[in-house]
Amino acid sequence: VDREAKKEGFRKYLESSGVLDTLTKALVALYEENDKPSSAVEFVQQKLGGPSISDYEKLKAEKLDLQLKYNELLETHKETSRQLTLGQLNGGLGCVRCGV
């Protein structure tokens, strides 16, 4: 009985939050497609507003590229800060790299 009540509560939650209606609309759109897409999951994801699988892969690759660039810039910043600190500690001789 407790399990049935839990299931019923969850169903009501899905219905009141609009999830059932949204999923139903996406599935109806798929059903009404004359030329069925090769990936039903990707079709439903797009109908729900998510990126396509190919868009997701592109975003993932872009994120990796940006992370690598960030790491390089961070290392450059650390090295520049170290050079400036050394210059200040060495009596203001300045940055060896930039000649300041």
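Whatever comes next refers back to the structure up there.
Every value quoted in this text rests on a predicted model; they were computed, and no experiment measured them. (Residues numbered from 1 in each chain as written. Predicted model: local features only at pLDDT ≥ 70, side-chain atom pairs only at ≥ 80, totals over all residues. Heavy atoms only, no water.)

## With respect to the packing of helix α2 (residues 19-32) against helix α3 (residues 40-47)
Item 1. Between α2 and α3, the shortest axis-to-axis distance is 9 Å and the interhelical angle comes to 130 degrees. The orientation of α2 relative to α3 falls into the category oblique. Once α2 is placed against α3, the crossing between them reads as right-handed. Where α2 approaches α3, its residues Ala26, Leu27, Ala29 and Leu30 are matched on the opposing element by Ala40, Phe43, Val44 and Lys47. (Axes fitted to C-alpha atoms, helices over the stretch in contact; angles between N-to-C directions. Helix = DSSP H or I, 4+ residues; strand = E, 2+ residues; numbered from the N terminus. Parallel < 35°, antiparallel > 145°, perpendicular 65-115°, else oblique. Left-handed = near helix turned anticlockwise from the far one by under 90°. Contact = heavy atoms within 4.5 Å.)

## A word on a nonpolar patch on the surface
Item 1. Residues Val19, Leu23 and Leu48 make up a contiguous nonpolar surface patch of roughly 210 Å² in combined accessible area.
Item 2. Looking at where valine 19 falls in the secondary structure, it is placed in helix α2. (Patch = residues over 30% accessible without salt bridge, like charges linked within 9 Å, V, L, I, M, F, W, Y side chains within 5 Å. Areas by Shrake-Rupley, 256 points an atom, 1.4 Å probe, with all protein chains shown as cover. Salt bridge = Lys/Arg side-chain N within 4 Å of Asp/Glu carboxyl O.)

## Digging into the nonpolar core
Item 1. Among the nonpolar cores identified, the biggest contains five residues, and these are Ala26, Ala29, Leu30, Phe43 and Val44.
Item 2. When residues of this core are traced back to their parent elements, those giving at least two are α2 and α3.
Item 3. At three residues, α2 tops the list of elements feeding residues into this core.
Item 4. Beyond its immediate stretch of four places on either side in the chain, valine 44 contacts Ala26, Leu27 and Leu30. (Core = buried A, V, L, I, M, F, W, Y, C linked by side-chain atoms within 4.5 Å. Buried < 20%, exposed > 50% of the residue type's maximum accessible area, 1.4 Å probe, protein only.)

## A short note on the pattern of salt bridges
Item 1. On inspection of all chains with the given rule, the structure shows seven salt bridges.
Item 2. The salt bridge involving glutamate 75 is made with lysine 78; its shortest N-O contact spans 3.8 Å. In this pair, glutamate 75 and lysine 78 are both assigned in helix α4 (residues 53-89), three residues apart and thus about one turn of the helix distant.
Item 3. The class for lysine 78 is partly exposed, based on a relative accessible area of 47%.
Item 4. Ionic pairing is found between arginine 82 and glutamate 79, a salt bridge with its closest N-O pair at 2.9 Å. Of this pair, arginine 82 and glutamate 79 both sit in helix α4, three residues apart, roughly one helical turn.
Item 5. For arginine 82, a relative accessible area of 42% gives the class partly exposed.
Item 6. Ionic contacts of the salt-bridge type, sharing partners, join the residues Glu8, Arg11 and Glu15 into one network.

## Structural notes on α2
Item 1. The first and last C-alpha atoms of α2 sit 20 Å apart over 14 residues, in line with the 20 Å expected at 1.5 Å per residue.
Item 2. Taken as a whole, α2 has its buried residues at Ala26, Ala29 and Leu30. The buried residues of α2 occupy an angular sector of 100 degrees when projected down its axis, which confines them to one face. Counted as exposed and oriented over 90 degrees from the buried face of α2: Leu27, Tyr31 and Glu32. (Expected span 1.5 Å × (residues − 1). Arc of directions from axis to C-beta.)

Read these as geometric descriptors, not functional statements.
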